[in-house]
Structure formats: structure tokens, C-alpha cells
Amino acid sequence: MDDLRDKYLGLIAEANDESALENLRVQAVGKKGEISLKMRELGKMTPEERQIAGPALNALKDEINSALSAKKAGLEDAALDERLRGEWLDVTLPGRSRRHGTIHPISQVTEEVSAIFADMGFAVAEGPQIDSDWYNFDALNIPGHHPARAEMDTFYMHRSEGDDRPPHVLRTHTSPVQIRSMEKQGAPIRIIAPGRVYRADYDQTHTPMFHQVEGLAIDKDISMANLKWVLEEFVKAYFEVDDVELRFRASHFPFTEPSAEVDIRCSWEGGTLKVGEGDDWLEILGSGMVHPKVLQNAGVDPREWQGFAFGMGIDRIAMLKYGIPDLRAFFDSDLRWLRHYGFSALDVPTLHGGLSG
Ligand code: PHE
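Summary of the structure given here.

This part covers helix H2 (residues 18–29). Over its 12 residues, H2 extends 16 Å from the first C-alpha to the last, a length consistent with the 16 Å expected when each residue adds 1.5 Å. Within the span of H2, buried status applies to Leu21, Leu24, Ala28 and Val29. Along the axis of H2, the buried positions cluster into a sector of 85°, meaning they face one direction only. Lining the buried residues of H2 we find helix H1 (2–14), helix H3 (34–40) and helix H4 (47–86).

Counting 40 residues, the largest nonpolar core has Phe117, Phe234, Val235, Ile264, Phe308 and Met312 as the members making the most contacts within it. Contributing elements (two or more residues each) for this core: helix H5 (105–119), strand S5 (209–219), helix H9 (224–239), strand S7 (256–267), strand S9 (280–290), strand S10 (306–313) and helix H11 (314–322). For this core, the leading source of residues is H9, giving seven residues. Look past the residues within four positions of valine 235 in its chain and what remains in contact with it is Glu240, Val241, Val244, Leu246, Ile264, Val275 and Ile284. By size, the runner-up hydrophobic cluster in this structure holds 25 residues, among which are Ala139, Ile218, Phe255 and Val290.

Here we take up the environment of arginine 25. Position of arginine 25 relative to the elements: it lies in helix H2. For arginine 25, a relative accessible area of 33% corresponds to the partly exposed category. Along the backbone, arginine 25 and glycine 74 are 49 residues apart, and their C-alpha atoms lie at a distance of 16 Å. Apart from the residues within four sequence positions on either side, arginine 25 is in contact with Gly30 and Leu68.

The next point concerns the site of the ligand. Taken together, 14 residues lie near the ligand, and His173, Ser175, Arg199, Gln212 and Gly311 sit nearest. Contact distances for the ligand include 2.9 Å between a nitrogen atom and a side-chain N or O atom of histidine 173. Here a nitrogen atom of the ligand and a side-chain polar atom of serine 175 are 2.9 Å apart. Within the complex, 91% of the 320 Å² of free accessible area of the ligand lies under protein. More than half of the atoms of the ligand fall within 2 Å of the grid points belonging to the largest pocket. For the shell around the ligand, the elements supplying multiple residues, two or more each, are S5, S9 and S10.

Between H5 and H9, the shortest axis-to-axis distance is 10 Å and the interhelical angle comes to 135°. The orientation of H5 with respect to H9, classified from their angle, is oblique. In terms of crossing hand, the pair formed by H5 and H9 is right-handed. The segment H5 lies against H9, with Val109, Glu112, Val113, Ile116 and Phe117 engaging Val230, Phe234, Ala237 and Tyr238.

We now examine the side chain of aspartate 131. In this structure, aspartate 131 sits in strand S2 (residues 130–131). Classification of aspartate 131 as buried rests on a relative accessible area of 2%. Polar contacts involving the side chain of aspartate 131 include one to the side chain of arginine 180, which spans 2.7 Å. The contacts of aspartate 131, once residues within four sequence positions are left out, are His168, Val169, Pro176 and Arg180.

The subject of this paragraph is the pattern of salt bridges. Close approach of charged atoms allows side chains of opposite charge to pair. Per the stated rule, a full pass over the model turns up 22 salt bridges. The shortest N-O distance in the salt bridge between arginine 247 and aspartate 263 comes to 2.9 Å. On the criterion of sequence distance, the pair formed by arginine 247 in strand S6 (residues 246–253) and aspartate 263 in strand S7 is long-range, its members being 16 residues apart. According to the relative accessible area criterion, aspartate 263 is buried, its value standing at 2%. Within this structure, Arg247, Arg249, Glu261, Asp263 and Glu283 form a network of salt bridges that share partners.

Definitions and cut-offs
- Residues numbered from 1 in each chain as written.
- Predicted model: local features only at pLDDT ≥ 70, side-chain atom pairs only at ≥ 80, totals over all residues.
- Heavy atoms only, no water.
- Helix = DSSP H or I, 4+ residues; strand = E, 2+ residues; numbered from the N terminus.
- Expected span 1.5 Å × (residues − 1).
- Buried < 20%, exposed > 50% of the residue type's maximum accessible area, 1.4 Å probe, protein only.
- Arc of directions from axis to C-beta.
- Contact = heavy atoms within 4.5 Å.
- Core = buried A, V, L, I, M, F, W, Y, C linked by side-chain atoms within 4.5 Å.
- Near = heavy atom within 4 Å.
- Polar contact = N/O pair within 3.5 Å; in protein donor to acceptor, adjacent residues only side chain to side chain.
- Areas by Shrake-Rupley, 256 points an atom, 1.4 Å probe, with all protein chains shown as cover.
- 1 Å grid on protein atoms, 1.4 Å probe; cavity = no way out; pocket = protein on both sides within 12 Å on 5 of 7 lines; lining within 4 Å.
- Sits in = over half its atoms within 2 Å of the grid points.
- Axes fitted to C-alpha atoms, helices over the stretch in contact; angles between N-to-C directions.
- Parallel < 35°, antiparallel > 145°, perpendicular 65-115°, else oblique.
- Left-handed = near helix turned anticlockwise from the far one by under 90°.
- Salt bridge = Lys/Arg side-chain N within 4 Å of Asp/Glu carboxyl O.

Shown next, in the form of C-alpha cells:
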């Protein structure tokens, strides 16, 4: 019996995983284990022998069982220690910083403008940035000899040799979208068309690519009064003021008759712009009643339909609202200045929910 004891206690001490321990348990004290078989032999013994061997076997069984569970606990502790050694974490390390994106102010202002006009029933329309000279000029009542063509510092696309059709142009304004939208949709129509436009010009307030938003409303009896109301509502919402004074200045565009440039009352006290008060006037857009020839060119009958159009510089109103002094900053690659003007990734106005964040 001492042999059995030494054998199993030795094997248990040496076991180095739980399945080896389980095998030992079955071998020693399982139903057909060595100790159990020995216990079965008790029946064949004399009562005297049994009195000694019985308790001894029971004690041995208990001893082996407790050696098994002690060893099992030891193995579990060791496994846990091992895991903890492998998985340590230094909670004092500084966090990893992530780069933040910001929405570009032009995109933000375009969204703001679109949302404001959407509230007044204007849908957003788009047109190509490379357009034919028909859409950019002729259809808008700007014939070849017209000084407006020369004034617009147009970028012309290249034509292959021998192709003497008039070259396509980088659109100089968003007005061609008026024609394309009326062709597609007819009248009545109420759209705005934000987008990129191009002119060969570069200084503090001009970049060769900039952004405009066109407005167009055609119906049976649309007048300059409607234009004025729509623009007043827009300016109040965009500059976040309760009241604003607009001034229509007679002007000339080949595609509107009459034409007017629109100024808003403002002050520049201390170098910062305040809209709606003061003695200064700020020009923000060109506008007018769509010329009958333009309607005709777009397939809309001018005896039946009339309406207004306007074109506004998005970069310009972005500079004004956010106090950005140099237009060229919009197109620099360094975005740190954006943060300086308070643009953050979370400040995104949407067509559907106003300003979030
Ligand atoms: N297209 C004109 C410009 O670029 C602006 C404008 C649009 C004027 C619509 C009148 C009507 O200067």
C-alpha cells in the first residue's frame, strides 16, 4: 500500500496539465482504478485483515483525492500567472492622437445656402464645369462680339487642329445652368445651382477658380418684388440677423432685363463686418428679370412665363460671414487656418437638420 501511495503522489506532483491529472485520477481512484480494485478485494479478507486494510485504503483514497485537487488548483494559478505576464497593459501610456478632418468652409457655406433656399422651395441643380460657348454665352444673350465675353477672362479649352468649331470653355459663371435646367424641366421652375466657375484672375479677392450660386424662379407672374423678398429672407437667415436693408442698384447683364446689383447695409467698425446696420453698403450679387431671349433659347415661351435670376459669389459671402480677409486662403493646402476661423468637423449644417453640434 505504501508503494501505491508513493507511486501516485509522485505522479501527481509531476503532472503538468489538467488532462494528465484527470488520467491519474481515473487510473487511481476511478471506478476501475487501482485503489477501487483493492477495495473490492476487502470482501475476500478475514474480518481482522479487513479492519486494518479498510481504513487504510480509505485514508489513501482521501489522500490521493486531496493531492489531486491541490495540484489542480496549483496548475490553475500557474496558468493565470502566465496569462497575466503575457497580457500586461501600461495604463500610464499617453493616448494615441487621431488626425481631425474639417469640412471646408466653401462646402459648409454651400450647404448653408442650399438649406436656406430649400426652405423657400428651391431645388438644387447642377451643370458641367466645361461647357460649350452656346451655354456659357450665346444662349444667355451674350453674342460673340459682346464686350461681356472679353470682360469675363475666359479660359478656353483646346481644339484639335483643323477643328474650327468654337472651343468649349471653363464656365465663367453658373448662369449656363439656368438654360440647362429650363431645357430639362421647363416652367414653372425654382432652382439654385451652386458650383465652381473659372476666370483668369488672381489677387486678394480673386482666384482663377471660385464658386457661385445661381438662382432661378420662373412662373406666370414672378416679379422683382418676389426677388427682393427671397433675397431678404436669404440674407437674414445666412448672416443670422433679424433685419436687413437691401439696395437694388441699376446695372446691366445681357441675360436679365431689367438688371440690378444688390447691396446690403452694413458697418465695418473696428474692421469687423456687421450686417444690417451702419452706413456702408456691401455688394453681394447680380440679378434681374430673365431676358425673354434667354427664356426662348431654353425653350420656355416668354409670352407665358417670366421670372428672376441671380448669381452670388459663395467665396465672397463665406469671407464676409467668417471674417476671412484673403480669398486665396481657401485654396491653400494648410488647413490650420481653418481652425483659426472656428471651423470644426462637427459643425456641419445639412439640408435636413440645420446646424448640428
Ligand atoms: N452671371 C452673372 C455673373 O457672373 C451674375 C448674374 C446671374 C447676374 C444671374 C444676373 C442674373 O456676374
